[in-house]
Amino acid sequence: MNILYIAYSCDPYTGSENKIGWNIPLEASKSHRVFVLTKEEHRESITRYCEENGFGDIEFFYADIKDIYKKIFRPPFYSGRLNIWHKRALPVAEKICRENGIEIIHQIAPIEFRSIGKYYKIKNTKFVCGPIAGGQEIPEPLMDYTGKSKPTEVIRSLINRAYRIFIRLSGRLKRVDALLYANYETKAFLEPNESRRVIPETAIRNDELSENVERSDDKDKLTFLVVSRFTGAKGYNLLFDALKDIPDALPYELKIIGYGELENEIRALYNSNETVSRHTEFLGALPFSEMSAQYRNADALIFPTFREATGSVILEAMANGLPVITMNRCGGTVICSPEYAYLFTAASKKGYVNHLRFALLHCINNPDEVHEKGRKARDAAERFTFGKRVEMYTEIYEELLNG
């Protein structure tokens, strides 16, 4: 099968969306003829990786946009940059398809519903898009926690609603041969009555699956890990409110890894409470190569984010034998199960705080259960590898080509 992947984000040396954009084509190239169209900024790192690893099974093509657009279109207007890039990439994709007999075009990484390209216009191909996200929003009871990010969240919500009207009127969603959703929130926002597939957009490599996930039940304290950027939507304020009412004498520690524009503000918040501060350690931004050691030394991951397409750290934690404490929405719903995770939800701000605190207290008081869930999480992670994901995509491609 001849496949063209549209991957604006595609870098072999970084994680998140770039990791998806790189590894999906890499895995697909084991059984298909693969082409990748990505942005010009990735040319140097892709070329270096191919030269250093003798890698030549995928053909890469590049498209670029003017620097002024990159400066103007920043969050929450990032989709504007993507749409301009897709417009520039479309004729390049047409040429690739015409010269190489492309059968499937699949747009991946990143996928916001506001930035679906018009690759359905290319003749003699089938267009797959997604899994798309972007329709998930912060629950109303938690908006107070966004602080100075609240205006951005309000603007984002207004843009979402305006664009939903636009794409419904344009009929763009109906013109995609196979549209996949990354979470149920985005599907409900756009097409609540359509029987579209929901598939997490992120995955893990086989070499990320830890061989040894055993933890000692005799540790003197339970170690919680948080891996997330410091922004208003990541839930650090919610976590603080849950932590401040946990008795100081209980044996636990919290390690926080991340960076972001609110780092100083969040550090100050956690240091404002003597009990929380005594149990908390900020490790700053760590390279991906050092993360496996942090996962191995922890017992559970706290992922308190309010909205996320899926959350790659959920799978990274599971692959290292950690159960995840997170909300029963977005990635938590799609990836996690009560069998190997601690999921919570609520109808009020106080309810969210209480339910998160109860989950933390339960873990501290039941380390043997935490470790058993961690072992099950490691087993469940095997279902979310890039190999499994490409198998699923291949079935979709074959269904389209076979009518």
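Analysis parameters
- Residue positions are given per chain, counting from 1 as you read along its sequence in written order.
- Note on the predicted model: pLDDT of at least 70 is required for a residue's local features to be given, and 80 or more for side-chain atom pairs to be given and counted; whole-chain, interface and lining totals, by contrast, use all residues.
- Water and hydrogen atoms play no part in the side-chain values, which are based on all heavy atoms of the structure.
- Numbering goes from the N terminus for both helices and strands, where a helix is a DSSP run of H or I of at least four residues and a strand is a run of E of at least two.
- Only the C-alpha atoms count toward the radius of gyration. The rule for a globule is 2.2 Å times the residue count to the power 0.38.
- Whether a residue is buried, partly exposed or exposed follows from its accessible area with a 1.4 Å probe, protein chains only, as a fraction of its type maximum: under 20%, in between, or over 50%, in that order.
- Contacts between residues were defined by any pair of non-hydrogen atoms, one from each residue, lying within 4.5 Å.
- Working definition of accessibility: Shrake-Rupley area with a 1.4 Å probe, residue cover restricted to the visible protein chains.
- Lines fitted to C-alpha atoms define the axes, with helix axes restricted to the stretch in contact, and inter-axis angles between N-to-C directions lie between 0 and 180 degrees.
- If an angle is under 35 degrees, it is roughly parallel; if it is over 145, roughly antiparallel; if it lies from 65 to 115, roughly perpendicular; otherwise it is oblique.
- Amino acids outside the nonpolar list (Ala, Val, Leu, Ile, Met, Phe, Trp, Tyr, Cys, Pro) and the charged list (Asp, Glu, Lys, Arg) are all regarded as polar, and Gly is one of them.
- A pair of strands is labelled paired if DSSP reports no fewer than 2 bridges between them.
- It is the directions from the helix axis to the C-beta atoms that the arc portrays.
- For patches, a residue must show more than 30% relative accessible area and have no salt bridge; joins then use 9 Å for like charges and 5 Å for nonpolar side chains, namely Val, Leu, Ile, Met, Phe, Trp and Tyr.
- Only one rule defines a salt bridge in this text: a Lys or Arg side-chain nitrogen within 4 Å of an Asp or Glu carboxyl oxygen.
- The charge count treats Lys and Arg as positive and Asp and Glu as negative. His and the chain ends do not count.
- Each charge is placed at NZ for Lys, CZ for Arg, CG for Asp and CD for Glu.
- Each crossing gets its hand from how the near helix is turned against the far one by less than a right angle, where anticlockwise is left-handed and clockwise is right-handed.
- Buried residues of nine kinds, namely Ala, Val, Leu, Ile, Met, Phe, Trp, Tyr and Cys, make up a nonpolar core once their side-chain atoms join them within 4.5 Å.

1. Let's talk about the overall build of the protein
Link 1 in the chain: Along the protein, the regular secondary structure elements total 16 helices and 13 strands.
Link 2 in the chain: Since a compact globule built from 403 residues should have a radius of gyration of about 22 Å, the 22 Å found for the protein is in line with a globular shape.
Link 3 in the chain: When each of the 403 residues of the protein is scored for burial, the buried share is 59%.
Link 4 in the chain: The long-range share in the protein, meaning contacts at least 24 apart out of those at least 6 apart in sequence, stands at 71%.
Link 5 in the chain: Counting only carbon and sulfur atoms, one obtains 47% of the accessible surface of the protein, whose full area is about 17,600 Å².

2. Brief notes about the packing of helix α8 (residues 236-243) against helix α9 (residues 263-271)
Link 1 in the chain: For the pair α8 and α9, the least separation of the axes is 10 Å and the interaxial angle reads 5°. With respect to their mutual orientation, α8 and α9 come out roughly parallel. Here Y236, N237, L239, F240 and L243 of α8 lie close against α9, whose contacting residues are I266, L269 and Y270.
Link 2 in the chain: When the residues that make up the contact of α8 with α9 are grouped by side-chain class, the tally is seven nonpolar, one polar and no charged.

3. Notes on the pairing of strand β8 (residues 222-227)
Link 1 in the chain: Counted residue by residue, β8 has six buried out of six residues, so it is predominantly covered.
Link 2 in the chain: Residues L222, F224 and V226 of β8 are buried on one face, and the alternating residues T223, L225 and V227, pointing to the opposite face, are buried as well.
Link 3 in the chain: For β8 and strand β9 (residues 252-257), the ladder comprises six bridges, and the chain directions are parallel. For T223, the partnering residue across the bridge sits in β9 and is E253.

4. A closer look at helix α2 (residues 43-53)
Link 1 in the chain: Turning to α2, its buried residues are S45, I46 and C50. Buried residues along α2 cover an arc of 130° about the axis, so they all sit on one side. Exposed residues pointing more than 90 degrees away from the buried face of α2 are listed as E44, E51 and E52.
Link 2 in the chain: Where the residues of α2 are buried, they touch α1 (16-28), β2 (33-39) and β3 (58-63).
Link 3 in the chain: Positive backbone phi, at 60°, marks G54, one or two positions downstream of α2.

5. Some remarks on unusual backbone geometry
Link 1 in the chain: Cis geometry marks the peptide bond from A109 to P110, where omega comes out at -10°.
Link 2 in the chain: The residue P110 is located in the loop between β4 (104-108) and β5 (126-132) in this model.
Link 3 in the chain: One non-glycine residue, S16, adopts positive backbone phi at about 55°.
Link 4 in the chain: Secondary-structure assignment places S16 in helix α1.
Link 5 in the chain: When its relative accessible area of 46% is taken as the criterion, S16 is described as partly exposed.
Link 6 in the chain: The phi dihedral of A109 is positive, around 45°, even though this residue is not glycine.
Link 7 in the chain: Note on placement: A109 falls in the loop between β4 and β5.
Link 8 in the chain: With a relative accessible area of 7%, A109 lands in the buried category.

6. Topic: a positive patch on the surface
Link 1 in the chain: A cluster of basic residues, K87, K118, K121 and R175, forms a positive patch on the protein surface.
Link 2 in the chain: Within the secondary structure, R175 is located in helix α6 (residues 172-175).
Link 3 in the chain: Look at R175 and you get partly exposed, because its relative accessible area is 44%.

7. Section: the packing of α8 against helix α14 (residues 349-365)
Link 1 in the chain: α14 packs onto α8 with a crossing angle of 65° between their chain directions and a minimal axis gap of 8 Å. Crossing handedness for the pair α8 and α14: right-handed. Of the residues in α14, those in contact with L238, L239, D241, A242 and L243 of α8 are Y352, V353, L356, R357 and L360.
Link 2 in the chain: The residue makeup of the contact of α8 with α14, split by class, is eight nonpolar, no polar and two charged.

8. Topic: the nonpolar core
Link 1 in the chain: Counting residues in hydrophobic clusters, the biggest one holds 41 residues, and the most contacted among them are F224, L239, L243, L254, Y270, I325 and L360.
Link 2 in the chain: Among the elements of the structure, β8, α8, β9, α9, β11 (300-303), β12 (324-327), β13 (341-344) and α14 are those that each provide at least two residues to this core.
Link 3 in the chain: No other element matches the seven residues that α14 contributes to this core.
Link 4 in the chain: Among the nonpolar cores identified, the runner-up in size contains 36 residues, and I96, F113, V176 and L179 belong to it.

9. So, the side chain of T231
Link 1 in the chain: Looking at the element boundaries, T231 is found in the loop between β8 and α8.
Link 2 in the chain: Beyond its immediate chain neighbours, meaning those up to four positions away, T231 contacts E261 and L262.

10. Considerations on the pattern of salt bridges
Link 1 in the chain: All chains considered together, the criterion is met by 30 salt bridges.
Link 2 in the chain: For E99, the salt bridge identified is with K95, shortest N-O distance 2.9 Å. Placement of both E99 and K95 in helix α4 (residues 78-100) is noted, with a separation of four residues, approximately one turn of the helix.
Link 3 in the chain: Looking at E99, the relative accessible area reads 53%, which means it is exposed.
Link 4 in the chain: With a closest N to O distance of 2.6 Å, E399 and R197 form a salt bridge. With E399 in helix α16 (residues 386-401) and R197 in strand β7 (residues 197-198), this residue pair connects regions lying 202 residues apart in the sequence.

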